[in-house]
Amino acid sequence: VTITTRQLVSHLSGIRHYEKDITKVKEEKEKANRALKLTKSYQDKEQKAKEGKETENTGCVKQKKEHDSETKSRNSKPGRSDKEFEQEEYYLKEKFESVIESLKIFKNDPLFFKPGDQFLYSTYGFTLLSAVVERASGQKFTDYMLKMFRDLDMLSTVLDDNEAMIYNRARCYIYNKKGRLVNAPYVDNSYKWAGGGFLSSVGDLLKFGNALLYSYQAGQFKNKNSKLLPGYLKPSTVAMMWTPVPKTEVSWDRDGKYAMAWAVVEKNQQYGCCRQQRHYASHTGGAVGASSVLLILPEELDPEAVGTWPVAPPRGVIVTIICNMQSVSLNSTALKIAREFDREKQAQ
């Protein structure tokens, strides 16, 4: 078969994730699909019920739903089992000297499906992608990335190298089976630099988000007297990265689809004075002892004011959260924060 780089970057390659048993993967996907159908069915019924009620009751319904959600979150058991982190390969301690060498972990394993047919999130797909970058650039993948981080002024973003002395490196924690907080076990992430092998800070991730948002919007602004520098990427490149790809899905955001290394929610509103979706891009991160999210909510620009100064890119809200705790769901929190800042900005 042929596997393209676009399939790798959108997780349509058929390469396995940490789970080696295809039967278990199919069972989990079926469960997730059933849960999603039930959720959508409930949302449709709720929407129809809302249409027949007075608008003044909407605030009460929303407050009750938020209260119920918060109560459920507080009452959830912290030490509950996370099947994702039960996979042995999360805890590899072997040090790999190169990206090509780390391919041996999965290169002889069968594909789970024909490339392009189905979506399956795969960290190893990104390991193969990093090998493509290495061969295309003629540089070691890690050297290539560290140079890019310097270009982006992300000076605190480094390889998660256990031997190196890294200033302000955080200790990582997990809940054990008894629900007690303990230190995360030792792991070596050299087998997956591209899919989870870098350490960063919230400041650096904000710089990364700003660089992408600037690149995305720069083409919409008139370059007066050459004052507006080009973005790090072409506007068309970021637009392509943030365009949903067919046959994909997103586990952490039911409104979203997967694009190219990003989850994307498209702008959508079906009814007046009802639920609306704003266009945004996000991605979560999960590692042994750590969780993260980066969410970019572009400002909806006024076409008539776009060409005027000093309204220059980046325009929007960027939220990033990093915590040294495993299995923390952060996307919905980031989205709430982004919406609050966006609402405040619109009110000014």
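Residues numbered from 1 in each chain as written. Predicted model: local features only at pLDDT ≥ 70, side-chain atom pairs only at ≥ 80, totals over all residues. Heavy atoms only, no water.

If you look the protein up in an unreviewed UniProt entry, it shows as LACTB protein from Rhodinocichla rosea.

With that out of the way, let us pick up the overall build of the protein. Each helix and strand in the protein was counted, giving 10 helices and 11 strands. Burial statistics for the protein: of 348 residues in total, 36% are counted as buried. The contacts in the protein between residues at least 6 apart in sequence include a share of 66% that link residues at least 24 apart. Summed over its atoms, the accessible surface of the protein is roughly 21,500 Å², and 52% of this surface lies on carbon and sulfur atoms. (Helix = DSSP H or I, 4+ residues; strand = E, 2+ residues; numbered from the N terminus. Buried < 20%, exposed > 50% of the residue type's maximum accessible area, 1.4 Å probe, protein only. Contact = heavy atoms within 4.5 Å. Areas by Shrake-Rupley, 256 points an atom, 1.4 Å probe, with all protein chains shown as cover.)

Let's shift gears to the pairing of strand β10 (residues 290-298). β10 sits mainly inside the fold: 7 of its 9 residues count as buried. As consecutive antiparallel partners, strand β9 (residues 280-287) and β10 are separated by 2 residues, and within that stretch Gly 289 has a phi angle of approximately 85°, a positive value. Sheet topology places β10 next to strand β11 (residues 316-323); 8 bridges connect them, and they run antiparallel. Its bridge partner lying in β11, Pro 298 is registered against Gly 316. (Pairing = 2+ DSSP bridges.)

On to the nonpolar core. Of all hydrophobic cores here, the largest spans 39 residues; its most connected members are Tyr 124, Leu 212, Trp 242, Trp 262 and Ile 296. Contributions of two or more residues to this core are made by α1 (5-9), α5 (123-137), α6 (141-151), α8 (202-218), α9 (235-241) and β10. Per-element tally for this core: the top contributor is α5, with 4 residues. For this core, the domains that each give at least three residues are domain 1 (1-38 + 81-160 + 187-195) and domain 2 (200-347). Residues contacting Ile 296, with those up to four places away along its chain left out, are Gly 209, Leu 212, Leu 213, Trp 242, Trp 262, Tyr 280, Ala 281, Val 317 and Ile 318. (Core = buried A, V, L, I, M, F, W, Y, C linked by side-chain atoms within 4.5 Å. Domains from an automatic or database assignment.)

In this section: unusual backbone geometry. In this structure, the amide linkage connecting Pro 313 to the following residue, Pro 314, adopts the cis form with an omega of 0°. As for its position among the elements, Pro 314 is in the loop between β10 and β11. Phi at Asp 153 is positive, roughly 65°, even though this residue is not glycine. Here Asp 153 lies in the loop between α6 and β1 (158-159).

Before going further, it helps to examine the sheet that holds β11. One open sheet accounts for 5 strands, arranged β5-β6-β9-β10-β11; its pairing is antiparallel. A single partner strand is all that each edge strand has here, and the edge strands are β5 (257-258) and β11. Bridge analysis of β5 against strand β6 (residues 263-265) gives 2 bridges, and the strand direction is antiparallel. Looking at the pairing, Lys 257 lines up with Val 264 of β6. Packed on one face of the sheet, α8 meets β10 and β11 and runs near 150° to β11. Sheet strands touched by helix α10 (residues 331-347): β9, β10 and β11. Its angle to β11, the strand with the most contacts, is close to 150°. (Axes fitted to C-alpha atoms, helices over the stretch in contact; angles between N-to-C directions.)

Turning to its location among the elements, Asp 342 is positioned in helix α10. Assessed through its relative accessible area of 11%, Asp 342 is described here as buried. Sequence-distant contacts of Asp 342, that is, excluding residues within four places in its chain, are made with Arg 278, Leu 297 and Val 317.

Let us look at the pattern of salt bridges. For the structure shown, the criterion picks out 15 salt bridges. With its nearest N and O atoms 3.2 Å apart, the salt bridge here joins Asp 151 to Lys 147. Taken together, the positions of Asp 151 and Lys 147, both in helix α6 and 4 residues apart, correspond to about one turn of that helix. A salt bridge links Arg 278 to Asp 342, with the shortest nitrogen-to-oxygen separation between them at 2.5 Å. Separated by 64 residues along the polypeptide, Arg 278 in the loop between β8 (276-277) and β9 and Asp 342 in helix α10 bring together distant segments of the chain. Arg 278 gets classed as buried once you look at its relative accessible area, which sits at 13%. Through salt bridges with shared partners, one network takes in Arg 16, Lys 20, Glu 89 and Asp 109. (Salt bridge = Lys/Arg side-chain N within 4 Å of Asp/Glu carboxyl O.)

With that out of the way, let us pick up the packing of aromatic side chains. When we look at a pair of aromatic rings, we describe it by the centre distance and by the angle of the planes. Inspection of every chain in the model, using the stated rule, returns 11 aromatic pairs. Measuring from ring centre to ring centre gives 5.0 Å for Phe 106 and Tyr 124, while their planes differ by 20°; the resulting arrangement is stacked. Taken as a pair, Phe 106 in the loop between α4 (99-102) and α5 and Tyr 124 in helix α5 lie far apart in primary sequence, 18 residues in all. Relative to Tyr 258, the ring of Phe 119 has its centre 5.5 Å away and its plane inclined at 45°; by these criteria the two rings are tilted. Taken together, the residues Phe 119 in the loop between α4 and α5 and Tyr 258 in strand β5 connect sequence positions 139 residues apart. (Phe/Tyr/Trp six-rings, centres within 6.5 Å; stacked < 30°, edge-to-face > 60°.)

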